[in-house]
Amino acid sequence: MSGFISTDRRQSWGRVTRPTQKVAKPHFPDEVPPLVGEAVRGSTPLLAVGLMRSYGDSNLNPGGAVVDMTALDRIHAFDPRSGVLRADAGLSLDALIRTTLPHRLFPAVVPGTRFVTLGGAVGNDVHGKNHHRSGSFGNHVRKLGLRRSDGSLHELGPDDSTGLFAATIGGLGLTGLVEWVELELTRIDGSSIDGETVPFHSLEEFFALSDESIASHEFTVSWIDCTRVEGTAMRGLFSRGNWSRDPARLPHPAKPKAGIPIEFPSFALNPLSLRLFNDLYFRLGRWRAGRSLTHYAPFFFPLDSIMNWNRLYGRPGMYQYQCVVPPTDSLPVIAELLQTIAASGEGSFLAVLKTFGDRASPGMLSFPREGTTLALDFRNRGTETLALMARLDEIVLAAGGRLYPAKDGRMSARLFQNGYPRLAEFTPHVDPHFSSAFWRRVAP
Amino acid sequence: MKTLRILILGATSAMAEATARLYAVEGAAIALAGRDPTRLATIAADLSARGARATSILARDLAEMEGIEAAFDGVVADLGGIDHVLLFYGVLGDQAEAERDLSEARKILDIDFTSAALWSLAAAKHLEAQGSGALVVVGSVAGDRGRQSNYVYGAAKAGLGVLVQGIAHRFALKRRKSLHAVLVKPGFVDTPMTDGLKKGGALWATPEQVAAIIRKAAAGSGPIVYAPWFWRFILLIIRLVPAPIFHKTRL
Ligand SMILES: Cc1cc2nc3c(=O)[nH]c(=O)nc-3n(C[C@H](O)[C@H](O)[C@H](O)COP(=O)(O)OP(=O)(O)OC[C@H]3O[C@@H](n4cnc5c(N)ncnc54)[C@H](O)[C@@H]3O)c2cc1C
């Protein structure tokens, strides 16, 4: 059995920091309790992590101990008739889909990458392009096994009256270690998406398309060119789709081969190259616009075919900024955010806009709420980048919005505490021996 | 396609499990042998969910020399015949300890050579009588040249390698296309066995990468397969370095 080894080789997806932490990677469930015990005896703060696809510092525990769950990836039971699967928390959605797709079953909610673990999907209560229909990942969790630092194992489901289930869904790994998850899958006919891309030229048009598509389309998401914004005028591509009724079952995509072998030099990304990229992306999208049948992989996971694309941002890494603002003032608030970004000259390759529906998330700290969400990434240029994001923070704060901890590496305690009104209900459920870099910054 | 019947000796190793998953997806019937019944049951459930047609467990200390043949025949009766026998188990041991304490040396040799050789011979006997099947034994590049840092382990793996080579020769004389034995020699693999070492870099392979090579080797290729292939050349060079120079290194 392997214990904790001190290392600074693990970074989060944004790669901004490289802290030293003690890491253990158990291969069998029976190794977990002794590891938890070891951390408790040494009074070392503990954190379970998955595939490290969170961008900031919510999956880092500098000076503490981290349990890498990815070798605990066994399926306990899968019943193709009921569509229920129970597996170790370290199983990736990639491996899950490989197993369930031949039975025409798919996770009800998937984020923009399939390289996340079940535990990570629970920890951030991830959302997908179908939030307006299906809510968040936690809406489809039937049960989970939570290991606390006192050694106890809790089987929790939506019927749990203690609040521990609701605290664990979206609980950022702070309530303990999720050992396994039981998930309800969704039935599909084939493996293609009947999709459509519609170019738009203003925020008003975006909201109109959004409203119109809620009833007709299960999946919606938009890309916008945040380098050219004037008032509410901007260019974007609205994409929407439904699972195709075509029963053709296409194979799961192979493991990505193409990768970014090296860190790009920092000068490769600059306002000019960003403008060029966005321009090209829009033109290409407009040219391809219209209806088409696409394999689910490029539709849901467009970046997964390029391994380590985060290295494009070079050694300093990047920040991702994702907020959600309430529906009442969505339009002016999003416009103000975009104007502030455009004025800064900084931009993002992939600025994404989507409206969340009103289906309540089960978690106390779940990020999705009704309204509009905007996500962008910024290369890390130090204080300038931080200053820009601080300006965006003020706009989000004034609008009564919130930021997504999965994407955050720097938000203030004030912003976090304002954005999550159920925080006071959550904190009593935090395991006294669990913590993260993120939590130490924002905890009340 | 007909259901393949597989016996995996040392089924809780990371490489073994990754290989078993490849067979599970094909719908094979898989018998898992190893010491820890709880861990084996965990793996068996996972393989069934991934598509294995049937799984069974043989919980025993594989290094226990008594009753190997009977245990092997039991599995064969259970599966109704056998197509592939894959041997994964082994211990790295502690070289320094083995030099101080002969019982540690004996443990390494018993596990990695003697018992493994007996399982291989039991399998060979059965496969030969059946006239078809594959014996796949995982050796190590450590068996290619004795090095001060791990020569007891290396000697055991070298001995096992010669044994499997002999079985491959014996099978070849039968001129049955579907009967063969192969020795797979992995280089650095990121498994719990190597957790004490610094990992990463181009020479390190994942258990999944090695599993794919093992699965292919089981389907029939040369009697010796390096995993990945480039280790053949690395070891060729290591074998060719003259002793006076080699002895100056700390390899
Ligand atoms: C390209 C890309 C696209 C993305 N798109 C989306 C999207 O559309 N929607 C969305 O919601 N997110 C999205 N994300 C973010 C990603 O889905 C989340 O960060 C997800 O939680 C990552 O899972 P992981 O396994 O990598 O977990 P990690 O990042 O390793 O951990 C995430 C959190 O979960 C906790 N955790 C992990 N495993 C366990 C466990 N077993 N027990 C207890 N706690 C645990 C960790 O402590 C941490 O707080 C995207 C990320 C990328 C890189």
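Structural notes, computed from the coordinates. Bear in mind the structure is a predicted one, so any value in this text is a computation, not a measurement.

Turning next to the overall build of chain A. Check the secondary structure of chain A and you find 13 helices and 18 strands. A compact globule built from 444 residues would reach a C-alpha radius of gyration of about 22 Å, and chain A, at 21 Å, matches this within 12%. By its C-alpha atoms, chain A is 60 × 50 × 45 Å across when sized along the principal axes. Taking all contacts inside chain A whose residues are at least 6 apart in sequence as the whole, residues at least 24 apart take part in 75%. Of the accessible surface of chain A, which amounts to about 17100 Å², a share of 54% is contributed by carbon and sulfur atoms.

Another aspect to go through is the site of the ligand. All names here are of chain A. As a matter of local geometry, the ligand sits amid 34 residues, with Ala48, Arg53, Ser54, Thr117 and Tyr404 nearest to it. A distance of 3.0 Å separates an oxygen atom of the ligand from a polar atom in the backbone of leucine 51. A distance of 2.7 Å separates an oxygen atom of the ligand from a polar side-chain atom of tyrosine 404. For the ligand, whose accessible area on its own is 970 Å², the fraction buried by protein is 95%. Within the residue set of the shell around the ligand, elements represented by two or more residues are β3 (46–49), α3 (118–123) and β10 (177–187). Residues that form the shell around the ligand fall into these classes: 18 nonpolar, 14 polar and 2 charged.

Residue and element names in this part refer to chain A. Strand order across the open sheet formed by 8 strands is β14-β11-β13-β12-β16-β17-β15-β18, with antiparallel pairing between neighbours. Two strands close off the open sheet at either side, each with one partner strand: β14 (290–295) and β18 (402–403). Alignment of strand β12 (residues 219–230) against strand β16 (residues 351–356), held across 3 bridges, turns out to be antiparallel. Residue pairing in the sheet places serine 222 in a bridge with leucine 353 of β16. Helix-sheet contacts for helix α6 (residues 203–216) involve β11 (192–202), β12, β13 (233–243), β16 and β17 (371–379), and the interaxial angle to β11 is about 155 degrees. Taken strand by strand, helix α7 (residues 271–288) contacts β11, β12, β13, β14 and β17, and its axis lies near 135 degrees from that of β12.

If you walk through the whole model with that rule in mind, you get 46 salt bridges over all chains. Where arginine 21 of chain B meets glutamate 17 of chain B, a salt bridge forms, and the shortest distance between an N and an O atom there is 3.5 Å. Here arginine 21 of chain B and its partner glutamate 17 of chain B are both found in helix α1 (residues 14–25), 4 residues apart, which amounts to about one turn of the helix. For arginine 21 of chain B, a relative accessible area of 13% corresponds to the buried category. A salt bridge links arginine 50 of chain B to aspartate 46 of chain B; the shortest N-O distance between them is 2.9 Å. For arginine 50 of chain B, a relative accessible area of 14% puts it in the buried group. With a relative accessible area of 0%, aspartate 46 of chain B lands in the buried category. Where salt bridges share partners, they join Asp73 and Arg74 of chain A together with Glu17, Arg21, Asp46 and Arg50 of chain B into one cluster.

In this section: the packing of helix α3 (residues 68–79) of chain B against helix α5 (residues 102–130) of chain B. All names here are of chain B. At their nearest, the axes of α3 and α5 sit 10 Å apart, and the two run at 45 degrees to each other. By the angle class used here, α3 and α5 are oblique. Where α3 crosses over α5, the two elements pack in a sense that is right-handed. Only Ser115, Leu118, Trp119, Ala122, Ala123, Lys125 and His126 of α5 make contact with α3, whose side of the interface consists of Ile68, Glu69, Ala71, Phe72 and Val76. The residue inventory of the contact of α3 with α5, partitioned by class, reads 8 nonpolar, 2 polar and 2 charged.

This part takes up the nonpolar core. By size, the foremost hydrophobic cluster in this structure holds 110 residues, and its most contacted members are Phe137, Tyr296 and Phe300 of chain A. Excluding its chain neighbours within four sequence positions, the residues that come into contact with phenylalanine 300 of chain A are Phe106, Val110, Pro111, Gly112, Lys129, Ile193, Phe219 and Trp243 of chain A. Membership of the second largest hydrophobic core comes to 35 residues, among which are Ala31, Leu58, Phe72 and Val76 of chain B.

A separate point is helix α6 (residues 151–172) of chain B. Residue and element names in this part refer to chain B. Relative to the 32 Å expected for 22 residues at 1.5 Å per residue, α6 spans 30 Å between its end C-alpha atoms, a close match to the ideal helical length. Those residues of α6 lying buried are Val152, Tyr153, Gly154, Ala156, Lys157, Leu160, Gly161, Val164, Ile167, Ala168 and Phe171. The secondary structure elements touched by the buried residues of α6 are α4 (95–100), α5, β5 (133–138) and β6 (179–186).

For the rest of this paragraph, the subject is the side chain of glutamate 182 of chain A. Residues and elements named next belong to chain A. Here glutamate 182 is to be found in strand β10. Among the residues examined, glutamate 182 registers a relative accessible area of 9% and is labelled buried. Engagement of the side chain of glutamate 182 in a polar contact is seen with the side chain of arginine 86, the distance being 3.0 Å. The residues touching glutamate 182, leaving out its near neighbours within four places in the chain, are Val84, Leu85, Arg86, His140, Val141, Arg142 and Lys143.

What counts, and where the lines are drawn
- Residues numbered from 1 in each chain as written.
- Chains lettered and ligands numbered in written order.
- Predicted model: local features only at pLDDT ≥ 70, side-chain atom pairs only at ≥ 80, totals over all residues.
- Heavy atoms only, no water.
- Helix = DSSP H or I, 4+ residues; strand = E, 2+ residues; numbered from the N terminus.
- Rg over C-alpha atoms; globule rule 2.2 N^0.38 Å.
- Contact = heavy atoms within 4.5 Å.
- Areas by Shrake-Rupley, 256 points an atom, 1.4 Å probe, with all protein chains shown as cover.
- Near = heavy atom within 4 Å.
- Polar contact = N/O pair within 3.5 Å; in protein donor to acceptor, adjacent residues only side chain to side chain.
- Nonpolar A, V, L, I, M, F, W, Y, C, P; charged D, E, K, R; others polar.
- Pairing = 2+ DSSP bridges.
- Axes fitted to C-alpha atoms, helices over the stretch in contact; angles between N-to-C directions.
- Salt bridge = Lys/Arg side-chain N within 4 Å of Asp/Glu carboxyl O.
- Buried < 20%, exposed > 50% of the residue type's maximum accessible area, 1.4 Å probe, protein only.
- Parallel < 35°, antiparallel > 145°, perpendicular 65-115°, else oblique.
- Left-handed = near helix turned anticlockwise from the far one by under 90°.
- Core = buried A, V, L, I, M, F, W, Y, C linked by side-chain atoms within 4.5 Å.
- Expected span 1.5 Å × (residues − 1).

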